[in-house]
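Below are the chains, spelled out letter by letter.
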Amino acid sequence: MHWRTGCEIQQGLERAFNAILADRMQDVPLLNPALSVQALPFRCAGDDWLGVLVTPWSMNLLVFPGPDSAWQQLPLGAKFSRELPYGSFEFTLAAEPALGRYGQCSLFSPMLQFADQAAAITAAEAALNGVLAGPALRNVSRRDLLRGNLRGT
């Protein structure tokens, strides 16, 4: 499956993961009832599309392949690295029938530390902006990155 716009990916993710929430996740005790499924707008990152998906059970950095992405040919569950402006990130290849193949990199799981959807979206936006911000700075922890503090300690 090849996506033409980031908006297509965003809408497709929200439809697919709302269905997953309704069909597969109802009895999972680690769901945060204050959260819902929401995808941030996807952006071009080299040959691929990059964005963040927030669900009541996890927050993942996702990469969807462009037409020339070699990693999409890997077997499901394979790990691959993707160079982003902040540095190298490891993704796991996953697939859903409505979405095709994509890579996921866990940012938070479970999501119980978020009080509401606004807090989760703020963290997701900070993480996405952080990985696209440029070279990694010294002494910037993952926690600082996710909070948007790129100055480090």
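Residues numbered from 1 in each chain as written. Predicted model: local features only at pLDDT ≥ 70, side-chain atom pairs only at ≥ 80, totals over all residues. Heavy atoms only, no water.

> Any chance you could explain the packing of aromatic side chains here in plain terms?
Taken as a whole, this structure holds 7 aromatic pairs when the rule is applied. An angle of 25 degrees between the planes, with centres 5.3 Å apart, marks the rings of Phe64 and Tyr102 as stacked. Placement of the pair is Phe64 in strand S4 (residues 59-64) and Tyr102 in strand S7 (residues 100-108), with a sequence separation of 38 residues. For the pair formed by Phe64 and Tyr102, the shared burial category is buried. When the centroid spacing of 4.5 Å and the interplanar angle of 10 degrees are considered together, the rings of Trp71 and Phe80 count as stacked. Each member of the pair Trp71 and Phe80 is classed as buried. Following the ring pairs from residue to residue traces out a cluster consisting of Phe42, Phe64 and Tyr102. (Phe/Tyr/Trp six-rings, centres within 6.5 Å; stacked < 30°, edge-to-face > 60°. Helix = DSSP H or I, 4+ residues; strand = E, 2+ residues; numbered from the N terminus. Buried < 20%, exposed > 50% of the residue type's maximum accessible area, 1.4 Å probe, protein only.)

> Please clarify how the pairing of S4 should be interpreted in this entry.
Each regular strand carries side chains that alternate between the two faces of the sheet. Of all 6 residues that make up S4, 6 are buried, and the element is covered over most of its length. Here S4 shows a buried face lined by Met59, Leu61 and Val63 and a second buried face lined by Asn60, Leu62 and Phe64. As judged from the 6 bridges shared by strand S3 (residues 48-54) and S4, these two strands associate in the antiparallel manner. What sits directly across from Leu50, in S4, is Val63. Between S3 and the antiparallel strand that follows it, S4, lie 4 residues. (Pairing = 2+ DSSP bridges.)

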